[in-house]
Structures are given as structure tokens and as C-alpha cells.
Amino acid sequence: MDKRFKHTLVAHKICPFSMKVLTVMRHKNVKFEIKFIETHNKPEWFIRISPLGNVPVLIIGEEVVLSESAIIMEYIDEITPPKLMPDDPLQKALDRAKFEYSNEIIRNLYSFIFSTEQEKFVRQKECLIKHFKWIEEQLKDKKFINGNELSLVDLSFVPLFVALNMLKSTLPCDMLKDFKRLKIYGDMITSLPCSKTGRVPDYEFLMIDGIKTQNTVLYRSNPCYFNNDSKPQGCCFFRN
Amino acid sequence: MSLTLVSYNISPFVLRVTSALNYLQIPYQQKDVDVMNKPEWFIKANPLEKIPTLFVGDKVIQESLVILEYINSLVPNSLLPNDPLEKAINRSRAEFSNDIIGVILGLTAASTEEAFNNGLIELKWYFDKLENWLKQTKFIYSDELTLADFAYVPIYAILQALSPYLKFNIFEGFPKVQLYGTTLLALPRVGTSKPEGYEQILLERIKTRKPYFLSV
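Just so we're clear, the structure is a prediction, and the values are computed from it rather than from any experiment. (Residues numbered from 1 in each chain as written. Chains lettered and ligands numbered in written order. Predicted model: local features only at pLDDT ≥ 70, side-chain atom pairs only at ≥ 80, totals over all residues. Heavy atoms only, no water.)

That bond from Pro81(A) to Pro82(A) is cis: its omega, 0 degrees, falls within 30 degrees of zero. The residue after Ile51(B), namely Pro52(B), is reached through a cis peptide bond having omega 5 degrees. Here Pro52(B) is to be found in the loop between helix 2 (40–45) and strand 3 (53–56). At Glu68(A), a residue that is not glycine, the phi angle is positive and equals roughly 80 degrees. Looking at the secondary structure, you find Glu68(A) in the loop between strand 4 (64–67) and helix 3 (69–79). When its relative accessible area of 38% is taken as the criterion, Glu68(A) is described as partly exposed. (Helix = DSSP H or I, 4+ residues; strand = E, 2+ residues; numbered from the N terminus. Buried < 20%, exposed > 50% of the residue type's maximum accessible area, 1.4 Å probe, protein only.)

Residue and element names in this part refer to chain A. Throughout the structure, instances matching the rule amount to 2 cavities of 30 Å³ or more. Forming the boundary of the largest cavity are 14 residues, of which Leu164, Asn165, Lys168, Asp174 and Leu176 lie nearest the centre. Looking at the lining of the largest cavity, the elements that each hand over two or more residues are helix 6 (152–170) and helix 7 (180–191). With 5 residues, the single largest contributor to the lining of the largest cavity is helix 6. Here the lining of the largest cavity is composed, by residue class, of 7 nonpolar, 3 polar and 4 charged. By volume, the second largest cavity amounts to about 50 Å³. Every residue lining the second largest cavity is listed: Ala11, His12, Lys13, Cys15, Ser18, Met19, Leu22, Phe36, Gly198, Arg199 and Val200. Taken together, the residues of the lining of the second largest cavity break down into 6 nonpolar, 3 polar and 2 charged. (1 Å grid on protein atoms, 1.4 Å probe; cavity = no way out; pocket = protein on both sides within 12 Å on 5 of 7 lines; lining within 4 Å. Points joined across faces, edges and corners; volume = space filled by probe spheres on them. Nonpolar A, V, L, I, M, F, W, Y, C, P; charged D, E, K, R; others polar.)

If you look at the interface, chain A gives 25 residues, while chain B gives 25 residues. For the pair chain A and chain B, the summed buried area comes to about 2200 Å², and 73% of that belongs to carbon and sulfur atoms. The interface formed by chain A and chain B includes 3 residue pairs in polar contact (both at pLDDT 80 or more). Listed by contribution, the elements that provide at least two residues to the side of chain A that touches chain B are strand 4, helix 3, helix 4 (89–113) and helix 5 (118–138) of chain A. For the side of chain A that touches chain B, the element with the most residues is helix 4 of chain A, which contributes 9 residues. (Contact = heavy atoms within 4.5 Å. Buried area = accessible area lost by both parts, 1.4 Å probe. Polar contact = N/O pair within 3.5 Å; in protein donor to acceptor, adjacent residues only side chain to side chain.)

Have a look at this one:
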């Protein structure tokens, strides 16, 4: 890796796209500094380099600022051979489509988790189930999304399963209970060392805190699970 | 490998791809679909139903910027830098145009004077950044055309279509931004990548939303 350049990752603790990049950087053992920012209280120096407030952002050297998780991930991959991305241009393009697909599902899930309106909540849940069905089909006969080897696409999906695990440990229902292959896959990729070091230790706490303070549908329908009260048995929002 | 581009007539993202394919003189077939009534075969191949989609044989590639990079791999002289950092910067420049397209489309839908003016302020912020870059280089990344430049073509196609209806020069104060547009649309086969009747179809679509700028 080019030592002329200092790499600083600016991230937000529960931002899934920040987690994606952090996971890749841990997997590749990149030396870097990390700075966490609060979205509701952005520091001046951050606003200057990312006026739109986007995270994650990778600052390289003194001047270069890269945003967009896909761009940052591929850059990190390229400067730390051997590359995880394929060389074949068509395969590369297919993988990039999968990055975008993982972004879409992750946005879907976060929208579901932090939804404050019932109608949107139900709609997002239906979208998610549709996506799960599609990925379940894609994982047939394969250990990883692309076959037998780990790829950047798998790391791209890590935040999805980290968030689903958070839901599973907080509420009594498992959104993946009808998706056997997805469960196995999710457990496998969230057990990778880079997946563990790619998220902050207080991730679950911060997510649950956000679910409560934003008065989400999830919280309003299941306050007992978010308040450490004694949990009733058999209370389940995810009816089939 | 046969290339089939699935498109719809006024899509700005399709225009990025057709500009590049035409400029690079890569042969392809094109299938226009009705966005409101997408055919079954298309939905089956594409869970996200995105347009443009490029079929390469039976493989499906989506996202205009991803398609551009794939197209680039088909020609001997790459339009992307080799160095990973420079390549990442070029890709960032391309991504930056996504926001600008969003703001401009927002302007065409703004129903009040206030919304329109707020959109203009936002657009000028982006133009300011572009002007600074373009003071240093002829094209968006360097003095030579690179892949990122195709990402900016639809910005100028849309603004060109709007200009007879705007009572002011949207590029006022941003001469380099204006010149860049002229340069881009004058590139061989790029300006003519706009489908037939583009301006008319675009304005018809915009009119249906009764935007403020058409009422002035």
C-alpha cells in the first residue's frame, strides 16, 4: 500500500454503508485512522469536506476525499492485493450490480426498522420478503454469493445481516425463519473476523436507542422488548 | 458478445450509455420499453427493474455508471486511469453528476416559486464546484475526455431542452460550466445520441406536472 497517503475514514456508528467500508478495511488489514461523527451535530471540518453530509468518506492524504461506499471499497481492494474483485470486466460489472442491490436491500431494512408510519412499515416488510426470496434462490448450491470464494459482494451484505441479527436478539421473531440458506449464509458472514471488527461494540445499543427515541412502529408495537421490562412470551409483531 | 440496451426515451441515464456506445462506435441493439408497463421478460431478469439495463449475451448489467465501465473494457484505449486512486477520483467525478441530475429534475417538477428558487440555489452550489474543476481542466477530470464525462451529457441535454422556456441563462456566472456542455454535446455522435423528438417528449412529460417555471 502506498505509504505516502494517510487514510482517514469518516463514519457514523450505525450507518450500514460505513460498516460496509470498515468491514472491507479490516479484512484487508489497512492502516487507517477512523473518525466517527454524529449526524445531528456535524463538525465544521466535516461539513467543509462533505457539504452534503455523506458518510462514509475516505480522506486520502491532505486533499482527496472519496465518497460512495462502492468506490471506496474498490479502491481499498485495488491497493491491497490480492484483489477480491474479479479481473473479468463482465464479472466485475455483475458484482457492482450486486453492491447496488445490497444497498437497496439495506436501505429497505433500515427504512423498515426506523419507520414511523404503519403503512410504510408494512410495505417495507413486504419488499424485504421479496428480496429475501430472490437472494435465497441465488444462494442455491453456493457457499458465498458468487460461488466458493469470498468476494467483496459478500462483505457488502454484512451490514444487512448484522442488522437482522440485532432484530432477532431484541424481538422474539426471526425475519429469516423461512429462509434456510440465508440464515446459514448470514451467520457465516457475520462470524468473519472482519465482520466483528467492522462494527462498533455499541452498535446494538445505538440501534435500539434510535428505534425507541424515534418512536418507530417497531417500538410502539413492542415497547416491552425495548425497555428491558420482563418480556412476555408469545408476543409477536411479525405475524404470518 | 451481443449487446442489447433496454431503455426508455427520455431517460437521462440511458443517454449516458448511448452517448458512450455511439462515441466509441460499439455496435448494439436497443429496446425501448414503457416505464409504466414493463414487459414480463424484463422484470424477470431484473429484480430492481432498472433502466438502463444492458444485456450482454444472457447476462444483465444495471446502473448507468457500471454499464459505462463495462463498455470501457470493450475498447483498446481505456478512458479510465490505471492508478487506483486516480481511477477512484474519476469514478467520484462521475457519481457527482448523479446529484446534479437529481437537482435539475427537481427543478422541472418544482410547483412553487419558492421550491424552484431553492432548487436553483442548490444547482448553483454544484455549478460552483464544477466551475472550479473546469478552470483547471478542459474536461471534468483532465484535459482529455475520460469516462466520467459521459456521466455529464444528460445534464446538458436536459438544460438545452429547458432553455427556450427559462427566462434567464441558467449558466450565468459559470462560463466554464457552460462551455463544457457545448464541448460535450459537440463530440462526435454524442449530441445526436438524443432520441428523435427528445426535447418535445421531455417537455410534454414535464408539462403534466404543472411546474412553476412553465407558468412564468
